[in-house]
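The lines below spell out each chain.
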Amino acid sequence: NGRLEAQLEVARRDATQLSHDMRARIDAETAEWKGRDEKAEMERMRAQVAEEELQRRIFDMEKQSRLVSQERETRPKISADEARRRRAARRAALQKQARKKQGPGSPS
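Bear in mind the structure is a predicted one, so any value in this text is a computation, not a measurement.

Caption draft 1: Seen up close, the pattern of salt bridges. On inspection of all chains with the given rule, the structure shows 11 salt bridges. When the shortest N-O distance is used, the salt bridge between Asp27 and Arg23 registers 3.8 Å. Note that Asp27 and Arg23 are positioned in helix α1 (residues 2-74) at a spacing of 4 residues, about one turn of the helix. Given a relative accessible area of 36%, Asp27 falls into the partly exposed group. Between Glu29 and Arg25 there is a salt bridge whose closest N-O contact spans 3.4 Å. With Glu29 and Arg25 both in helix α1 and 4 residues apart, the pair spans about one turn of that helix.

Now the structure itself:
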């Protein structure tokens, strides 16, 4: 009876040791996978944040575009003659400014 109990105790220790060894082996083999999973999750989160940022920028650009379009619609329309007159006045002002920068003794 004592011999059977001793054999049973040895078998239990062997089973416990085998169980611990198998758990350690499984943990060692799956550690690499867990690391890859964590890295993939981080990459997925970064991609999601980047996508959200792009969506926000697109939304902001569309909003700005709508504001510009509304501004153009509300801006008073000017005739072609008025546009030509304004361009000529601006051109004359720029030429006058350029002559001032050249100084009084410079040929024009």
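Caption draft 2: View of a nonpolar patch on the surface. A surface patch of nonpolar side chains, about 260 Å² in accessible area, is lined by Leu18, Met22 and Ile26. Here Ile26 lies in helix α1. You can call Ile26 partly exposed: its relative accessible area is 36%.

Caption draft 3: Representation of the environment of Glu41. Structurally, Glu41 can be placed in helix α1. A sequence separation of 32 residues divides Glu41 from Glu9, and the C-alpha atoms of the two residues are 46 Å apart.

Calculation criteria
- One numbering rule holds for all chains: residues counted from 1, following each sequence as written.
- Note on the predicted model: pLDDT of at least 70 is required for a residue's local features to be given, and 80 or more for side-chain atom pairs to be given and counted; whole-chain, interface and lining totals, by contrast, use all residues.
- Side-chain numbers come from the whole structure's heavy atoms, not from hydrogens or water.
- The term salt bridge refers to a pairing of a side-chain nitrogen on Lys or Arg with a carboxyl oxygen on Asp or Glu at a separation within 4 Å.
- Only DSSP runs of H or I with at least four residues qualify as helices, and only runs of E with at least two residues qualify as strands; both kinds are numbered from the N terminus onward.
- Exposure is judged per residue with a 1.4 Å probe applied to protein chains only, and the accessible area is read against the type maximum: over 50% gives exposed, under 20% gives buried, and values in between give partly exposed.
- Note on patches: the residues involved have over 30% relative accessible area and no salt bridge, like charges join within 9 Å, and the nonpolar side chains Val, Leu, Ile, Met, Phe, Trp and Tyr join within 5 Å.
- Note on areas: these come from Shrake-Rupley sampling with a 1.4 Å probe, and a residue is covered only by the protein chains present in the view.

That's the geometry; what it means functionally is another story.
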